[in-house]
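Per-entry structural report
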Amino acid sequence: MTSQKASTMKDVAKQAGVALGTVSKVINGIPVSEKNRIKVENAIAALHYEVNTYARGLKTQKSNLVALIIPNTHNPFFASFADYIEGALYKRGMKLLLCCADGIPQKEIDYLNMAINNKVDGIIALTYSDVGKYITPGLPLVVFDRFFENQVIPRVASDNFAGGCLAIEKLLEFGCRHPVYIRFHSVFPGESDKRRDGYLHACKKYGLEPDFLDVVDCDEKLALMKEFLDRHKNPDGSLRFDGVFAHTDYHGYLFLRLLQQEGFCIPQDVQIIGFDGIRKFGNEDGELFVSSICQPLEQLSEKCVEILTAPNTQTVPSLTLLPVEYRYGGTTKEKDIAPA
């Protein structure tokens, strides 16, 4: 069995009946006559010619490849973020190098070095360590949510503080009198920490006594939630709280299941609002897992790519915040529920 020799640019030029330089211009996006462009594109298709992007990158100093470093794709939020980033890059003629680092700092650094060695044109990072100090000078980097020591690196995030305030205001609007806050957080600081600040600000504004479960992320989430729940039971078995603001939709969903197992009705006994806007089946038509303060994930992804590919990143603000919004997801009481 013999392998077929890969077609070359010379083969394309011969097939199209044009000069080699014309083929090069078409491949590199340089304008040529419409007639010649069609000839070259037809020849490329007929010969199944594939552009050697690595070799072209060495020549042009552009690989049209961007690395995205995220914790994982198990979490629907991270998976959707990666999908939107890929779409925003593709419409700009760029490709995605996806790196899932599991929140392990050394793994993030290893992926970072791999991305740099592959001559990527930029990096978008949602990491758990300060990878900014490992970046090659001049290589564009945009950070989602996290804080880096290098304040020059542009960051993109949702308005988490406003979202925390909005969650409490909505719970109060729907009749809650004692909303609590549940958070399992990373040891690494990020914009999402401001959800707690928003909760505390709203409590002070509306004369509420802060009441929360706030611990570092761990494997004992359900056990800690159960302890928190038991501490808030009255002698007759009723609860001393009637609303929950959860740091993420995932935390809200876990607490929802626990409450139901304990015999409480949602939202009749307890109303729940999460944060993120994660939908079932990972599409815009899917239902929310819980009522949520939704992040504009598509717009956030677009903004990350827009900043990364900007001609002059020095003019970009150090922090870009996008607004959030509340959406009903079945775990809150509403007089008039409009479709999301």
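As the structure is a computational prediction, the values presented were derived from the model and not from experiment. (Residues numbered from 1 in each chain as written. Predicted model: local features only at pLDDT ≥ 70, side-chain atom pairs only at ≥ 80, totals over all residues. Heavy atoms only, no water.)

1. Remarks on the sheet that holds strand 1 (residues 65-70)
Ordered in space as 2-1-3-4-5-11, the 6 strands form an open sheet in which the pairing is parallel. The open sheet has two edge strands, strand 2 (95-100) and strand 11 (319-322), and neither has a second partner. Neighbour-to-neighbour, the strand axes of the sheet open up by a mean angle of 20 degrees, direction not taken into account. The sheet contact formed by strand 1 and strand 2 spans 6 bridges and is parallel. Its bridge partner being in strand 2, Ala67 is matched across the sheet by Leu97. (Pairing = 2+ DSSP bridges. Helix = DSSP H or I, 4+ residues; strand = E, 2+ residues; numbered from the N terminus. Axes fitted to C-alpha atoms, helices over the stretch in contact; angles between N-to-C directions.)

2. Remarks on helix 10 (residues 249-261)
Across its 13 residues, helix 10 extends 18 Å between first and last C-alpha, which sits within 8% of the 18 Å expected from 1.5 Å per residue. Every buried residue belonging to helix 10 is among Asp249, His251, Gly252, Leu254, Phe255, Leu256, Leu258 and Leu259, and all of these are buried. In the core, the buried residues of helix 10 are packed alongside strand 6 (179-185), helix 9 (221-231), strand 8 (243-246), strand 9 (271-276) and strand 10 (291-294). In the stretch just after helix 10, Gly263 is the one whose phi turns positive, near 95 degrees. (Expected span 1.5 Å × (residues − 1). Buried < 20%, exposed > 50% of the residue type's maximum accessible area, 1.4 Å probe, protein only. Contact = heavy atoms within 4.5 Å.)

3. Some points on the pattern of salt bridges
Where side chains of opposite charge bring their charged atoms close, a pairing between them can arise. Applying the stated rule across the entire model yields 22 salt bridges. The salt bridge partner of Asp214 is Arg196, with a shortest N-O separation of 2.7 Å. Of this pair, Asp214 sits in strand 7 (residues 212-216) while Arg196 sits in helix 8 (residues 194-205); the two residues are 18 residues apart in sequence, bridging distant segments of the chain. Residue class for Arg196 comes out partly exposed when judged on its relative accessible area of 23%. Several salt bridges converge on common partners, so that one network encompasses Arg183, Asp193, Arg196 and Asp214. (Salt bridge = Lys/Arg side-chain N within 4 Å of Asp/Glu carboxyl O.)

4. Concerning the pairing of strand 10
Because side chains alternate across strand 10, one face comprises the buried residues Ser291 and Ile293, and the other comprises Ser292 and Cys294, equally buried. Taken together, the 4 bridges between strand 9 and strand 10 define a ladder with parallel strand orientation. Along strand 10, the bridge assignment pairs Asp276 with Cys294. Of the pairings in the sheet, the one linking strand 10 to strand 12 (residues 325-327) comprises 3 bridges and is antiparallel in character. Counterpart to Ile293 in the pairing with strand 12 is Tyr326.

5. Remarks on the nonpolar core
Residues Leu68, Ile70, Phe81, Ile85, Ile124, Phe144 and Cys304 are the most contacted members of the largest nonpolar core, which totals 27 residues. For this core, the secondary structure elements donating two or more residues are strand 1, helix 5 (76-90), strand 4 (141-144) and helix 11 (297-308). The greatest single-element share of this core, amounting to 7 residues, is contributed by helix 5. (Core = buried A, V, L, I, M, F, W, Y, C linked by side-chain atoms within 4.5 Å.)

6. Quick notes on the pairing of strand 3 (residues 122-125)
Regular strands show a simple pattern: their side chains alternate between the two faces of the sheet. The alternating pattern of strand 3 places Gly122 and Ile124 on one face and Ile123 and Ala125 on the opposite face, and all of these are buried. As paired strands, strand 1 and strand 3 are joined by 4 bridges and run parallel to one another. Pairing of Ala67 across the sheet is with Ile123, part of strand 3.

7. Quick word on the side chain of Thr331
Turning to its location among the elements, Thr331 is positioned in the segment after strand 12. We classify Thr331 as buried; its relative accessible area is 4%. Reaching out from Thr331, the side chain makes a polar contact with the backbone oxygen of Ile272 at a distance of 2.6 Å. Polar side-chain contacts of Thr331 include one of 2.9 Å to the backbone nitrogen of Ser291. Setting aside anything within four residues of it in sequence, one finds Thr331 in contact with Leu256, Ile266, Pro267, Val270, Gln271, Ile272, Val290 and Ser291. (Polar contact = N/O pair within 3.5 Å; in protein donor to acceptor, adjacent residues only side chain to side chain.)

8. Quick word on the sheet that holds strand 12
Spatially, 6 strands are ordered 7-6-8-9-10-12 in an open sheet, and the strand pairing comes out mixed. Single-partner strands in this sheet number two, and they are strand 7 and strand 12. If you compare each strand with its neighbour and ignore which way they point, the axes differ by 20 degrees on average. Contacts from helix 7 (residues 160-173) reach strand 6, strand 8, strand 9, strand 10 and strand 12, with the element oriented near 165 degrees to strand 9. Along the sheet, helix 10 makes contact with strand 6, strand 8, strand 9 and strand 10, crossing strand 9 at roughly 155 degrees.

9. Some remarks on the packing of helix 5 against helix 11
The relative placement of two packed helices is expressed as an angle between their axes plus a distance between the axes. Direction vectors running N to C along helix 5 and helix 11 enclose 50 degrees, while the axes themselves pass 8 Å from each other. The pairing of helix 5 with helix 11 is recorded here as oblique in orientation. When the axes of helix 5 and helix 11 are compared, the crossing they make is right-handed. Only Leu297, Glu298, Ser301, Glu302, Cys304 and Val305 of helix 11 make contact with helix 5, whose side of the interface consists of Phe77, Ser80, Phe81, Tyr84, Ile85, Ala88 and Leu89. Of the residues belonging to the contact of helix 5 with helix 11, the class tally is 9 nonpolar, 2 polar and 2 charged. (Parallel < 35°, antiparallel > 145°, perpendicular 65-115°, else oblique. Left-handed = near helix turned anticlockwise from the far one by under 90°. Nonpolar A, V, L, I, M, F, W, Y, C, P; charged D, E, K, R; others polar.)

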